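# Descriptive structure summary
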Amino acid sequence: MVLLHVKRGDESQFLLQAPGSTELEELTVQVARVYNARLKVQRVCSEMEELAEHGVFLPPNMQGLTDDQIEELKLRDEWGEKCVPSGGSVFKKDDIGRRNGQAPNEKMKQVLKKTVEEAKAIISKKQVEAGVCVTAEMVKDALDQLRGAVMIVYPMGLPPYDPVRMEFENKEDLSGTQAGLSVIEESEAQLWWAAKELRRTKKLSDYVGKNEKTKIIVKIQQHSVIWGNRVLRDSLSFPTGRAVADWGTASCSLWAPSTVRAQSQGLLTPKTLLVSPSG
């Protein structure tokens, strides 16, 4: 089995094993899937820590409002009244006004926090130092453990708009968030090794040879548009026809949309995109 040390930029992410005979189409999707699933676990853990401290999410129309404003507008947190933690709640105000302040008691709080720490350990980058490979099954198990802990503490469930529940149901909306920028679409993922793109149309052994004991460092990234020495965009979603896009004060146009399509299919490297300053 070839050992892959996966990085994003210069930052270690995880170790993964694959036979040299693996098709790179399959491997690229597998790496992207584990990478994104780890991000999902991180997001869930972060929100569960807030859940343990301050209770469930407030309805969107009540978030950020003072108690006086909520009373004046006659707003009511109906889901918060249903989603009571097991064993009762302890009031702990959320200063940023996202959660209702009805936190679980200490025993239930520890159930959430202990599970969060265990899930974090599974996806930790320290696994690289320990030589432990991370699989999609391991990350799924971490998510299942987190889901189980929430069910224990909140047997009535969470509000449909609570980020924890939305993540579990794969309904999270990451548009416009920093977390969303970290996600790499499986169809747009690229793997690079030794300054070469590992083309999806080939096998891993086409690049690393037949030695199954090989260890390589691969970098995962999203398809990029390059303008000079600057990366202007991490994903390609240009329409058919001549495409023009603005980035702040910089503007560029793509001379040949067909070039974009070819690159998105893995036929060209990012630096072969024909991009020029407009005007």
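Residues numbered from 1 in each chain as written. Predicted model: local features only at pLDDT ≥ 70, side-chain atom pairs only at ≥ 80, totals over all residues. Heavy atoms only, no water.

## Remarks on the environment of Ile184
As for its position among the elements, Ile184 is in the loop between α8 (178-182) and β5 (189-193). With 151 residues separating them along the chain, Ile184 and Arg33 place their C-alpha atoms 8.7 Å apart. For Ile184, the contacting residues outside a window of four places in its chain are Arg8, Tyr35, Asn36, Ala189, Ile220, Gln221 and Gln222. (Helix = DSSP H or I, 4+ residues; strand = E, 2+ residues; numbered from the N terminus. Contact = heavy atoms within 4.5 Å.)

## Overview of the sheet that holds β5
Strand order in this open sheet of five strands is β2-β1-β7-β5-β6, and the pairing throughout is mixed. Either end of the sheet is taken by a strand with one partner, and the two such strands are β2 (11-18) and β6 (196-197). One ladder, built from seven bridges, connects strand β1 (residues 2-8) with β2; its direction is antiparallel. Paired with Lys7 across the strands is Ser12, a residue of β2. Across the face of the sheet, helix α1 (residues 24-54) comes into contact with β1, β2, β5 and β7 (215-222) while running at roughly 135° to β2. (Pairing = 2+ DSSP bridges. Axes fitted to C-alpha atoms, helices over the stretch in contact; angles between N-to-C directions.)

## Remarks on a negative patch on the surface
A cluster of acidic side chains, namely Asp67, Asp68, Glu71 and Glu72, defines a negative patch on the protein surface. Owing to a relative accessible area of 61%, Glu71 belongs among the exposed residues under this scheme. (Patch = residues over 30% accessible without salt bridge, like charges linked within 9 Å, V, L, I, M, F, W, Y side chains within 5 Å. Areas by Shrake-Rupley, 256 points an atom, 1.4 Å probe, with all protein chains shown as cover. Salt bridge = Lys/Arg side-chain N within 4 Å of Asp/Glu carboxyl O. Lys, Arg positive; Asp, Glu negative; His and termini not counted. Charge placed at Lys NZ, Arg CZ, Asp CG, Glu CD. Buried < 20%, exposed > 50% of the residue type's maximum accessible area, 1.4 Å probe, protein only.)

## Observations regarding the packing of helix α4 (residues 106-123) against helix α6 (residues 136-153)
At their nearest, the axes of α4 and α6 sit 9 Å apart, and the two run at 175° to each other. One finds that α4 runs roughly antiparallel with respect to α6. Along the contact surface, α4 presents Met108, Val111, Leu112, Thr115, Val116, Glu118, Ala119, Ile122 and Ile123, while α6 presents Met138, Val139, Ala142, Gln145, Leu146, Ala149, Val150, Ile152 and Val153. The residue inventory of the contact of α4 with α6, partitioned by class, reads 15 nonpolar, two polar and one charged. (Parallel < 35°, antiparallel > 145°, perpendicular 65-115°, else oblique. Nonpolar A, V, L, I, M, F, W, Y, C, P; charged D, E, K, R; others polar.)

## Remarks on the side chain of Thr115
Summarising the element assignment, Thr115 is placed in helix α4. Ignoring sequence-local partners within four residues, the contact set of Thr115 consists of Gln145, Leu146 and Ala149.

## What to know about the nonpolar core
With 49 residues, the main nonpolar core has Leu27, Val41, Met48, Leu146 and Ile220 as its most contacted residues. Take this core: its biggest share by element is 13 residues, from α1. When near neighbours in sequence (up to four residues on either side) are disregarded, Leu146 contacts Val41, Val44, Cys45, Met48, Thr115, Val116, Ala119 and Phe168. (Core = buried A, V, L, I, M, F, W, Y, C linked by side-chain atoms within 4.5 Å.)

## A closer look at the packing of α1 against α6
Describing two packed helices takes the angle between their axes plus the distance from one axis to the other. Axis separation between α1 and α6 bottoms out at 9 Å; the angle between their running directions is 20°. With respect to α6, the element α1 is oriented roughly parallel. Crossing of α1 over α6 shows left-handed handedness. Between α1 and α6, the contacting residues are Val34, Ala37, Arg38, Lys40, Val41, Val44, Cys45, Met48 and Leu51 on the first element and Ala136, Val139, Ala142, Leu143, Leu146, Ala149 and Val150 on the second. For the contact of α1 with α6, a count of residues per class yields 14 nonpolar, no polar and two charged. (Left-handed = near helix turned anticlockwise from the far one by under 90°.)

## Re the layout of surface pockets
A probe matching the size of a water molecule, rolled over the atoms, marks out where space remains unfilled. In this structure, the largest pocket occupies an estimated 400 Å³ of space. Those elements giving two or more residues to the lining of the largest pocket turn out to be α2 (67-72) and α3 (78-82). Residues of the lining of the largest pocket, tallied by class, amount to seven nonpolar, seven polar and eight charged. (1 Å grid on protein atoms, 1.4 Å probe; cavity = no way out; pocket = protein on both sides within 12 Å on 5 of 7 lines; lining within 4 Å. Points joined across faces, edges and corners; volume = space filled by probe spheres on them.)

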